[in-house]
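Summary of the model geometry
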Amino acid sequence: MPAVIHLLLRRLGISFVVLIGVSMLIFAIARVIPGDPARIALGPNATTEQIAKLRTAMHLDESLPVQYGHFIADVSRGDLGISLYTNRPVTKDIAQFLPATLELVLLAGLIMIAVGLPLGMLAARYRERWPDHLIRVLALLTVSAPGFVWAVILMLLFAFYLPLFPIAGRITDSFEITRVTGFLTVDTLLAGNLEAFVDVIHHLILPAIALSLSGIGQAARLTRANMVETYKKPYIEMAQAYGFFPSKIARSYAFKPSLIPSLTIIGLDFAAMLGNAFLVEAVFAWPGLSRYGVAVILRKDLNAIMGTVLIIAITFLIVNIIVDMMIAFLNPRIRHSARGSA
Amino acid sequence: MIRALRILAANPMSLIGLLLVSIIILAATFAPLLAPYPTHNGAIVDFAYANKAPNARNWMGTDLVGRDIFSRILYAFRISLTLGVVVLAIAAPVGTAIGLLAGYVGGWVGAVLMRIVDVFLSIPPLVLAIAMMGVLEPTLTNAMLAVTVMWWPWYARLVYSIARAEREEGYVLAAEVMGAGTPHIAFREILPNCLPAIVTKMTLDMGFVIIIASSLSFLGLGVQPPTPDLGSMVAEGARYLPDSWWLTVFPGLAILVAVFGFNLLGDGLREILEVDE
């Protein structure tokens, strides 16, 4: 499919330009810091010589463009520097904590799509009737509170009052799983330990729901709005005149064209989840990027802060490329076009 | 105006939204008069009443040092609303101006501006604010700054897309033919047609700014104690679940009610002003 490949290359090009911009933005934020990063890194007891030495090592005495050049050169070699908090390379720290966050965000994203889209479809099919009103109010309610409020409420209801789910953590301590990918759902299966796998899923459910709630509301609202527009099209009227079942019309004629605009926003919601994961992880003591992120921020650990934000931005760009590719596959106008002008 | 009132009356949910928003604004404005314990706004301790469940004296209970939670929530609304108003008062005009410029003038200026907007939008909003608070001191002013920096691009993109569409409309061409200058066309001709969308977005965004700001303070990166803030109140109480549930549940519900009010009102406005989603 040359059109799709053309589109992929175009998107990769744009993403690359955006990524350069993101690196400049992150660099600019890091240089906003009042005070001397070297002094902050070494603490109040450091001698002048020590600070001067670290300043040279961090290239702090050179001009900003030169400093940025060093930053980019390091990043492109996969070197994000040493974290002052853990005394390890930032890349190692992120590799350790990112899988836990991604596991949570991926499940939350799946829940968002699996629940949000059907809810929006249902609301649109029964538009201006009671299922629609109910779903719209519920959807608006879910987007009206930050993730940590839902996390606290869900935890209180379904971990304390009704002890259906574990209170915190990723896995019961008694299981010992060798780390291969860092994704515990994968690692437990690789170890052939089905009991541990069930335990991991059990731990995942409540935080994932808390994280997905506002996304569900967004997805449902958007799908409904797009479908209601589609329902006004003449071909729907024709399908109705042919006497097709309303459920068939909803699925095949109203939903499909509405899915494409919804997908773009779903990509954005996924990005929001990467941020909101910070809040949900804090409540459920989830050993993901959040605990690390907040810890390094409180210590003004510049390398680690820059590295974490950069990795999150890259993850987000990748997700958006995937979403755009899905749209290209779903949209026959792009799929079949000779030049891929979209 | 009459049409607007009729739509509002026919839509009970937006009326509820208007009611909630009015109550929150009044509660925040008159917090010193309404709060049963106005001094509990600061660093005061009253250990005789520490960590009490809701009762006749303290309707929403007291926190770990004996401060009345209801009073603190009223004061926290002041912080949230002030932050929201300041952020939007800066972000919306800045974003609008940039969006108009990029959308109407277009060309390479527009392309460069919108790529800059793309860069800001490609970092999850909360993460960008967290990163900025990571290098700044956690104060109310800095929290406002961080949230404003991440907020203007959304207005730039919204106005850009409208301005791009309006640029081809007859009334813009007419103004151009009559020799109107760029500022006149951008601000006097195109801007009025962007206003309904901007006003709707600002109403909905009040809710989102409250969410982001409370999220920052929940992580310990926003307004610092003893200043009451809904996010930090939830964070403080979360360690004492489930026994001292009132420490987290009431501030959490306060966020929910306030944001829900702005969202209901914003949805109603969207219908009245006929703005597309």
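Residues numbered from 1 in each chain as written. Chains lettered and ligands numbered in written order. Predicted model: local features only at pLDDT ≥ 70, side-chain atom pairs only at ≥ 80, totals over all residues.

With that settled, consider the overall build of chain B. If you tally the helices and strands in chain B, you get eleven helices and zero strands. Going from the N terminus to the C terminus, chain B shows its helices and strands as α-α-α-α-α-α-α-α-α-α-α. Each principal axis of the C-alpha atoms in chain B carries an extent, and together these give about 75 × 50 × 30 Å. In chain B, buried positions account for 52% of the 277 residues. Relative to all contacts within chain B whose residues are 6 or more apart in sequence, the contacts with residues 24 or more apart total 69%. (Helix = DSSP H or I, 4+ residues; strand = E, 2+ residues; numbered from the N terminus. Buried ≥ 20, exposed ≤ 12 C-beta atoms within 10 Å, placed from the backbone. Contact = placed C-beta atoms within 7 Å.)

When pLDDT is low, close inspection of the predicted coordinates is not appropriate. Residue and element names in this part refer to chain B. Mean pLDDT over chain B stands at 89; residues scoring 70 or higher make up 99%. Averaged pLDDT values for the elements of chain B fall to 74 in helix α1 (residues 2-10) and rise to 93 in helix α4 (residues 69-105). Interface confidence for the predicted complex, given as ipTM, is 0.89, next to a pTM of 0.89. (pLDDT = per-residue confidence, 0-100.)

Here we take up the nonpolar core. Judged by nonpolar contacts, the single largest core of 174 residues is most densely connected at Ala151 of chain A together with Ala129 and Val147 of chain B. Per element, the largest residue contribution to this core is 19 residues, and it comes from α4 of chain B. Discounting chain neighbours no more than four positions away, the residues touching Ala129 of chain B are Ala146, Val147, Met150, Ile212 and Leu216 of chain B. (Core = buried A, V, L, I, M, F, W, Y, C linked by C-beta atoms within 7 Å.)

As a rule of thumb, non-glycine residues mostly have phi less than zero, and peptide bonds are mostly trans rather than cis. The amide bond that connects Pro225 of chain B to the next residue, Pro226 of chain B, takes the cis arrangement and shows omega of 10°. Turning to its location among the elements, Pro226 of chain B is positioned in the loop between α9 (182-218) and α10 (230-238). At the junction of Leu241 of chain B and Pro242 of chain B, the peptide bond is cis and its omega measures out at -5° in the coordinates. In this fold, Pro242 of chain B is placed in the loop between α10 and α11 (246-272). In the Ramachandran plot, Asn87 of chain A falls in the positive-phi region, its phi being about 65° despite a non-glycine side chain. By the secondary structure assignment, Asn87 of chain A is in the loop between α4 (64-76) and α5 (90-125). Assessed through the 8 C-beta atoms surrounding it within 10 Å, Asn87 of chain A is described here as exposed. Not every positive phi belongs to a glycine, and Ala285 of chain A is a case in point at roughly 50°. Residue classification places Ala285 of chain A among the exposed residues on the basis of 12 C-beta atoms within 10 Å.

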